[in-house]
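Now for the letters of each chain:
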Amino acid sequence: MEIRGVLLWLCGFVCVFRFLQAESTCKLKAKFNLNSYKDVIKKKVVIGGMFSVHNQLASTDGNTSRVPVSSGCEGFNFRTFRWTQTMLFAIAEINERKDLLPDTDLGYVIYDSCYTISKAVEGTLTYLTGQDEAVPNYRCGNGPPLAALVGAGGTDLSIATARILGLYHFPQVSYFSTCSALKNKFQFPTFLRTIPNDKHQSTAMAQLVLHFGWTWVGIIAADDDYGKYGIKDFKEQVEEAGVCISFSETLPKGSSPEAIQSIVQTVIGSTAKIIVVFSSDVDLSPLITELLHHNVTNRTWIASEAWVTSALINQPEVNSLLAGTLGFGVKRADIPGLQRHLLDLDPYADPLTEEFWETLFNCTLDYGKALRMAKERAGGVNSTLSRAVRGLPEGLCSGSESLAQLNNTYSDVSQLRITYSVYKAVYAVANALHNLEHCEPGKGPFVGKSCADITNFEPWQLMYYLKNVRFKVPTTEEEIFFNDGDIEGYYDLINWQASGEGEISYVTVGDYSGSASQAYRLNLMNGSIVWNSGEPQPPRSVCSENCQPGTRKGIRQGEPVCCFDCIPCADGEISNTTNARECILCSGDYWSNDAHDACVPKIIEFLAFGEPLGITLIVISAFGALVTIGVGVVFVVYIGTPLAKANDALLSFTLLLSLVVTFLCSIVFLGEPQPWSCMTSQVALALGFALCLSSIMGKAALLMLRARALKAARVKAKAAAKAAKAAAEAAANSGSPDVIVTTVNSDPGTCPDPEVDGVTCAQQRTIAAVATIIQAVACTVWLIILPPHPVKNTSAQNIKIILECDEGSVVFICCIFGYDILLALLAFVFAFIARKLEDNFSEAKSMTFGMLVFFIVWISFVPAYLSTRGKFMVAVQIFAILASSFGLLACIFLPKCYVLLIKPERNKEELMKPRPKPRDGSSTGTSASLATAATVVNASIASTAID
């Protein structure tokens, strides 16, 4: 047992020894080089702060052969230095107040983040440790408790510090970080801010773009979470509303001339007149400088709150580039006493203030440094050197320089926006501490309704009070409270307006309130805005102009939807809205107007009685009918004459009657088509021509047969004449002459001699009647089965509704008028065969010419009819009817009327006889009279008494 105890004791000793040995090997890995303000001695509570007093880290030589040294900072920023002084001013003001933390003196520890994440992390770790060395997870100091961190400036810096502070449930109140990603309480549980969430700003920018109808915008964002998240929210909203992004560029962090040059070329090459920029002034400044070198103008810039009132951007030379800029700035306020505090700086108080003084006045507060510089400038000249040594060296600050006379960014308190946000952040922490300090025991918010001790509280306890704080800011009376870490989204809309001296001033031309209803969030005073172009109207920024009514949008392949061509709507289609995607087809009885923006009733077209063309056709038709009737009257008057009786007078009257029908039926084609007019016009035309052509065919058939008979008779007569001559000669020789007597049938009231004419009058009339009856039967069947009827033709002409007659059946109409064509062909063939019957009047020739005219008219009619539309089709058809009717009337009856009225002496029976036989002995025959036709054969063999 004793041995076992000894062994246990030895083991325990070894373990303790090794632990102590391991503990003794702990060492500091790095020494941070931080610029800071500190006041923690004899303070009850310490508030932390972090500001980007410098713009960037100082460059290093990158030598890895020696101990690394924490980088310094360069590029003094007067604007953020003012913010730093504002925190000091607010803490001093709170310490003097009796109504807020009356028993608690606030201290502060403020670090310079140099606008870089690494310095922000260094400051955070150092702040949590409580001393200049950072020891993670340890609070090495024994001073006053840490309250909260006010900072750390930009979004990337705040995200880095918030991740660390969140591990320890340490409160952080930001005055400048607006990124919407910081709203995520799962990642950043202790982050709060006194500046609105970028969700509100992105919405405000989107509404501004939509308000002015800009659909073609370029966007530029910083290469950090502030720029990425801000532009992302903006793009989502505007693209959903139909806005297109011309280009999207990212500003580089740090110096990158190539990237800046690329962005400049993109801006110059884009047709977008509106450019939205989500960036800090530090990141944007190099781009503005390069754009000025390229003299880029005629652009309107939409600024985020991070640079809209930045003096780093607002330099005198940017007038041509940035005048007319619109941007959203956080709420502005006047802070009484702040300017006095800013101007009453002691240049020797601390290193940061010394650097500020030296940078501002371009001198040094270090006498030794000034002396060395003077010696270097003297360059070995004895007299100059002696004067430099004897007096004050050149370049040495006196420390009494006047800040008020410079009127620079630092001392300018006309646009206290981010400065006011710093002021509110400090007061938020102070009010939370006040509530923590004045917690009534037994009514506390913690376990057992306990309260926290102001001298020894945990960060998470203060976090509770910060989340639930509600107070009014001194002097402005603005009520501040946090809603899930954010405050109300309120912005002033600021317009950069150039004065007569070329200086740019910030003019508030509207505001945005995220808590208002959707329709009233953005309020603008359009008349107060001064645009970059100098025009009173806002600039237009569209890839393609709006498509007006009457056109539709045609998307260009491979380009954004805002880039399109305006394509006119086709005939019969309309668009009655701007930027219509499709044209609307007008309904059947409507058609598009000339502008293609409305459907109008189609023009109703038919050949009316009252229009000039209709009147002309009526007059011509009536004239033709009257002339035909007049011819009939003439024939009635001269019915007893040989010419009137020739070739069956009844068929002549029938022919005249049919021509009257064809002349008058053309009138029925006029006017608005009705069921009765459609049937009447077509049937009357078919029957009229059938009667006309069958009558001609009957006449021509007789003449054809007569011509053939007479030809045979003449041959026979010639032979008989030769025989008679031989007999006469024989009789003369024998001395006993005979008398040969010829009997001639000269009764004009009788039909032709059946021995000569193969067709009698009854047969002629029967031919005409049967041919007409066949047509009448066919027309009757047509009218019963598929009669013609009126229709609205909407396909022939798009802009018109043509009222016309539908024939009912193409087969029937072809058969009906094909039959008429057959009659015409037969009549023409018969007349053509009989054309060589020659005497004083040749009717066969007249009929032949008449039928030729008939065919010429209707052959010409077909292409003319097919090439016309609407009422002109009816007009062409009527002209064809009239022309063919006049042709038949003129060719057949004009010669007869000429003889009856002008040359009555030729209207004699003997003139109807055959002409003398030609010398060549050929016989041609006659066609004049039925009464004299039978004598031809007998006359050819007649002779007088021969002695």
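Residues numbered from 1 in each chain as written. Predicted model: local features only at pLDDT ≥ 70, side-chain atom pairs only at ≥ 80, totals over all residues. Heavy atoms only, no water.

1. Let's talk about the overall build of the protein
Thought 1: The secondary structure content of the protein amounts to 25 helices and 27 strands.
Thought 2: Burial status across the protein gives 48% buried among its 947 residues.
Thought 3: For the protein, contacts bridging at least 24 residues in sequence account for 72% of all contacts bridging at least 6. (Helix = DSSP H or I, 4+ residues; strand = E, 2+ residues; numbered from the N terminus. Buried < 20%, exposed > 50% of the residue type's maximum accessible area, 1.4 Å probe, protein only. Contact = heavy atoms within 4.5 Å.)

2. Overview of the state of the cysteines
Thought 1: As enumerated under the stated definition, the model contains nine disulfides in all.
Thought 2: Two residues, Cys-363 and Cys-397, share a disulfide whose sulfurs are 1.6 Å apart. Here the S-S torsion is close to 105°, and the disulfide linking Cys-363 with Cys-397 is therefore right-handed. One end of the pair, Cys-363, is in the loop between α11 (351-361) and α12 (367-378); the other, Cys-397, is in the loop between α13 (382-390) and α14 (418-437), and 34 residues separate them in sequence.
Thought 3: With a sulfur-sulfur separation of 1.8 Å, Cys-439 is cross-linked through a disulfide to Cys-451. For the disulfide bridge between Cys-439 and Cys-451, the dihedral angle about the S-S bond is near -60°, and by the sign convention the bridge is left-handed. (Disulfide = S-S within 2.5 Å.)

3. Side note on the sheet that holds strand β9 (residues 216-222)
Thought 1: With mixed pairing, eight strands are arranged side by side in an open sheet as β10-β9-β11-β12-β13-β16-β17-β18. The sheet terminates laterally at β10 (244-251) and β18 (522-524), the two strands that pair on one side only. Strand-to-strand twist across the sheet, computed as the mean angle between neighbouring axes with direction ignored, equals 30°.
Thought 2: Strand contacts of helix α7 (residues 257-269): β9, β10 and β11 (274-278), with the helix running at about 165° to β10, the strand carrying the most contacts.
Thought 3: Lying over the sheet, helix α8 (residues 281-293) contacts β9, β10, β11 and β12 (300-303), oriented at roughly 110° with respect to β10. (Pairing = 2+ DSSP bridges. Axes fitted to C-alpha atoms, helices over the stretch in contact; angles between N-to-C directions.)

4. Quick look at the confidence of the model for the protein
Thought 1: Per-residue confidence for the protein gives a mean pLDDT of 83; residues scoring 70 or more make up 85%.
Thought 2: This model gives residues 736-756 a pLDDT under 50, and the stretch forms 35 contacts once residues within four places in sequence are excluded.
Thought 3: With pLDDT under 50 throughout, residues 916-947 is counted as low confidence; its partners more than four residues away or in other chains account for 81 contacts. (pLDDT = per-residue confidence, 0-100.)

5. Observations regarding the packing of helix α3 (residues 117-129) against helix α4 (residues 155-167)
Thought 1: The geometry of α3 relative to α4 is characterised by a closest axis approach of 9 Å and an angle of 30° between their N-to-C directions. One way to sum up the angle between α3 and α4 is to call them roughly parallel. With respect to the hand of their crossing, α3 and α4 are arranged in right-handed fashion. In contact with Ile-117, Ala-120, Val-121, Thr-124, Leu-125 and Leu-128 of α3, α4 contributes Asp-156, Leu-157, Ala-160, Thr-161, Ile-164 and Leu-165. (Parallel < 35°, antiparallel > 145°, perpendicular 65-115°, else oblique. Left-handed = near helix turned anticlockwise from the far one by under 90°.)

6. A word on α8
Thought 1: Given a rise of 1.5 Å per residue, 13 residues ought to cover 18 Å, and the 18 Å separating the end C-alpha atoms of α8 matches this to within 8%.
Thought 2: Those residues of α8 not exposed but buried are Asp-281, Val-282, Asp-283, Leu-284, Ser-285, Leu-287, Ile-288, Glu-290 and Leu-291.
Thought 3: A positive phi of about 55° marks Asn-295, the residue just after α8. (Expected span 1.5 Å × (residues − 1).)

7. Observations concerning the packing of helix α16 (residues 612-637) against helix α18 (residues 649-668)
Thought 1: The N-to-C vectors of α16 and α18 enclose an angle of 165°; their axes lie 8 Å apart at closest approach. Looking at the two axes, α16 sits roughly antiparallel to α18. Taken as a pair, α16 and α18 cross one another with a handedness that is left-handed. Side by side, α16 and α18 meet where Ile-618, Ser-621, Gly-624, Ala-625, Thr-628, Ile-629, Val-631, Gly-632, Phe-635 and Val-636 of the first sit next to Ser-652, Phe-653, Leu-656, Leu-659, Val-660, Phe-663, Leu-664, Ser-666 and Ile-667 of the second.
Thought 2: Split into classes, the residues belonging to the contact of α16 with α18 amount to 13 nonpolar, six polar and no charged. (Nonpolar A, V, L, I, M, F, W, Y, C, P; charged D, E, K, R; others polar.)

8. Looking at α7
Thought 1: The terminal C-alpha atoms of α7, which comprises 13 residues, lie 18 Å apart, in line with the 18 Å expected from a rise of 1.5 Å per residue.
Thought 2: Where α7 is concerned, the buried positions are Ile-260, Ile-263, Val-264 and Val-267. Buried residues of α7 fall within an arc of 100° about the axis and therefore sit on the same side. For α7, the exposed residues set more than 90 degrees away from the buried face come down to Glu-258 and Gly-269.
Thought 3: For α7, the elements touching its buried residues are β9, β10, β11 and α8. (Arc of directions from axis to C-beta.)

9. Points about the pattern of salt bridges
Close approach of charged atoms allows side chains of opposite charge to pair.
Thought 1: Under the definition given, this model contains 23 salt bridges.
Thought 2: A salt bridge links Glu-236 to Lys-232; the nearest nitrogen and oxygen atoms lie 3.0 Å apart. In this pair, Glu-236 and Lys-232 both sit in helix α6 (residues 225-240), four residues apart, roughly one turn of the helix.
Thought 3: Residue classification places Glu-236 among the partly exposed positions, given a relative accessible area of 42%.
Thought 4: According to the relative accessible area criterion, Lys-232 is partly exposed, its value standing at 44%. (Salt bridge = Lys/Arg side-chain N within 4 Å of Asp/Glu carboxyl O.)

10. A short note on the side chain of His-596
Thought 1: With respect to the helices, strands and loops of the structure, His-596 is situated in the loop between β23 (590-592) and β24 (599-601).
Thought 2: From its side chain, His-596 meets the backbone oxygen of Glu-573 in a polar contact 3.3 Å long.
Thought 3: Aside from chain neighbours lying at most four places away, what touches His-596 is Gly-550, Cys-569, Ala-570, Asp-571, Glu-573, Ile-574 and Ser-575. (Polar contact = N/O pair within 3.5 Å; in protein donor to acceptor, adjacent residues only side chain to side chain.)

11. Quick word on unusual backbone geometry
Thought 1: In this structure, the amide linkage connecting Gly-151 to the following residue, Ala-152, adopts the cis form with an omega of 20°.
Thought 2: Following the sequence through the fold, Ala-152 ends up in the loop between β6 (146-150) and α4.
Thought 3: The phi torsion at Lys-42 lies on the positive side, around 60°, for a residue other than glycine.
Thought 4: Lys-42 gets classed as exposed once you look at its relative accessible area, which sits at 81%.

12. Section: the side chain of Ser-177
Thought 1: Within the secondary structure layout, Ser-177 lies in the loop between β7 (172-174) and β8 (191-193).
Thought 2: Here the side chain of Ser-177 touches Ser-158 through a polar contact of 2.4 Å, side chain to side chain.
Thought 3: Leaving out residues up to four positions away in the same chain, Ser-177 has contacts with Gly-153, Gly-154, Thr-155, Ser-158, Leu-182, Phe-191, Arg-193 and Ile-195.

13. Remarks on the nonpolar core
Thought 1: One finds Phe-356 and Leu-433 to be the most contacted residues of the largest nonpolar core, which totals 104 residues.
Thought 2: For this core, the element with the highest residue contribution is α14, accounting for 13 residues.
Thought 3: Residues contacting Leu-433, with those up to four places away along its chain left out, are Val-45, Leu-101, Leu-106, Ala-147, Ile-454, Phe-457 and Leu-462.
Thought 4: Counting residues in each nonpolar core, the second largest holds 57 residues, with Ala-875, Ile-881, Leu-888 and Cys-897 among its members. (Core = buried A, V, L, I, M, F, W, Y, C linked by side-chain atoms within 4.5 Å.)

14. Digging into the pairing of β11
As a general feature of sheets, a regular strand has side chains that alternate between the two faces.
Thought 1: Of all five residues that make up β11, five are buried, and the element is covered over most of its length.
Thought 2: Covered by surrounding structure in β11 are Ile-274, Val-276 and Phe-278 together with Ile-275 and Val-277, the residues of both alternating faces.
Thought 3: Bridge count for β9 against β11 is five bridges, and the pairing is parallel. Counterpart to Ala-221 in the pairing with β11 is Phe-278.
Thought 4: Bridge count between β11 and β12: four bridges; the pairing is parallel. Within β12, the position partnered with Val-276 by the bridge is Ile-302.

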